[in-house]
Amino acid sequence: MKTILLQVLIGCMAVSAVAQNCQQNSVGITALSDMPTTVTYQGFQGGLYPGGTNTRPASHEQAGLHRALAVVPRDVNGQPDPHGRIGFVGIGASNTFAQWGSFEALASGDPLVNPILVLVNGGQGGQSAEVISDPGAQYWNNLEHRISLHGISNEQVQVAWFLEAAKATNLTFPEHSMELRRPASEALKIAQSRFPNLALVSI
């Protein structure tokens with residue numbers, strides 16, 4: 001099974017009673033992946049990877065493919081089982097919840113989605129990276145409850161989509177990104193401890 005992780009761009013969601021302009025497809029800002037190598041943004045080079053490139057380093061590519069091999073159907077105890085399930089969870093706050101909902105709607109109508117894949121929306125309002133970086137945060141108990149309601153166990157969760165933000169709202173780039181690094185890293189460590197077979201995370 002070839003799994004493709006999609007980041008769904010939501011541009012036409014109704015917010016309160018304010019009408020949205022669904023014809024606008026640009027805000028005039030150059031995408032990170034489209035920045036020339038000679039151009040910087042606040043001192044930082046563009047591109048998705050070091051050196052201004054959008055091509056994954058070979059070692060990174062190989063490591064990802066190797067980890068992908070560990071994603072197989074598993075039983076409730078986490079043992080490989082051709083009749084098992086593959087759990088795919090969304091981790092984050094309210095934006096995660098909204099975007100995951102749209103992702104699920106698209107996936108439910110796609111005949112190429114493997115029926116053993118179980119999607120779980122773990123987005124929860126107000127749960128910033130700082131909040132969920134605490135191992136005792138209620139967020140994790142709520143997420144595990146949602147997972148169980150979908151009929152799978154923590155041991156069957158193997159793929160995650162992580163979308164988070166720092167709690168502080170007065171920060172700009174690059175301070176916001178720097179502020180996010182530590183709590184995001186801690187939250188991912190917690191996810192790994194709670195879901196021992198977690199192999200792939202899309203950030």
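This text gives an overview of the structure that appears in the document. (Residues numbered from 1 in each chain as written. Predicted model: local features only at pLDDT ≥ 70, side-chain atom pairs only at ≥ 80, totals over all residues. Heavy atoms only, no water.)

1. Points about helix H4 (residues 138–149)
Then, in step 1: Between its terminal C-alpha atoms H4 stretches 17 Å, which fits the 16 Å expected from 12 residues at 1.5 Å a residue.
Then, in step 2: For H4, the set of buried residues is Tyr139, Trp140, Leu143 and Ile147. Taken end-on, H4 shows its buried residues confined to a sector of 95 degrees, consistent with a single buried face.
Then, in step 3: For H4, the secondary structure elements touched by its buried residues are strand E3 (86–92), strand E4 (117–123), helix H3 (129–132), strand E5 (157–163) and helix H5 (175–194).
Then, in step 4: One or two positions beyond H4, positive phi appears at Gly151, with a value near 80 degrees. (Helix = DSSP H or I, 4+ residues; strand = E, 2+ residues; numbered from the N terminus. Expected span 1.5 Å × (residues − 1). Buried < 20%, exposed > 50% of the residue type's maximum accessible area, 1.4 Å probe, protein only. Arc of directions from axis to C-beta. Contact = heavy atoms within 4.5 Å.)

2. With respect to unusual backbone geometry
Then, in step 1: A cis amide bond, omega 5 degrees, links Phe173 with the succeeding residue Pro174.
Then, in step 2: With respect to the helices and strands, the residue Pro174 is situated in the loop between E5 and H5.
Then, in step 3: Unusually for a residue other than glycine, Gln42 sits at a positive phi of about 50 degrees.
Then, in step 4: Judged by its relative accessible area of 46%, Gln42 falls in the partly exposed class.

3. What to know about helix H2 (residues 94–108)
Then, in step 1: Taking 1.5 Å as the rise per residue, H2 with 15 residues should run 21 Å; its terminal C-alpha atoms sit 21 Å apart, in good agreement.
Then, in step 2: Listed as buried for H2 are Thr96, Trp100, Phe103 and Ala107. All buried residues of H2 fall inside an arc of 60 degrees around its axis, so they share one side.
Then, in step 3: Looking at the buried positions of H2, the neighbouring elements they touch are E3, E4 and E5.

4. Some remarks on the environment of Gly122
Then, in step 1: Position of Gly122 among the secondary structure elements: in strand E4.
Then, in step 2: The class for Gly122 is buried, based on a relative accessible area of 0%.
Then, in step 3: Residues Gly122 and Trp140 lie 18 residues apart in sequence; the distance between their C-alpha atoms is 9.0 Å.

5. Notes on the nonpolar core
Then, in step 1: Ranked by size, the top nonpolar core spans 23 residues in total, and within it Ile91, Trp140, Ile147 and Phe195 carry the most contacts.
Then, in step 2: Elements with a contribution of two residues or more to this core: E3, E4, H3, H4, E5 and H5.
Then, in step 3: The dominant element in this core, judged by the number of residues it contributes, is H5, at 5 residues.
Then, in step 4: With residues near it in sequence (within four places) discarded, Trp140 still touches Ile91, Ile132, Asp134, Pro135, Ala187, Ile190, Ala191, Arg194 and Phe195.
Then, in step 5: Counting residues in hydrophobic clusters, the runner-up holds 12 residues, among them Phe103, Leu119, Val159 and Trp161. (Core = buried A, V, L, I, M, F, W, Y, C linked by side-chain atoms within 4.5 Å.)

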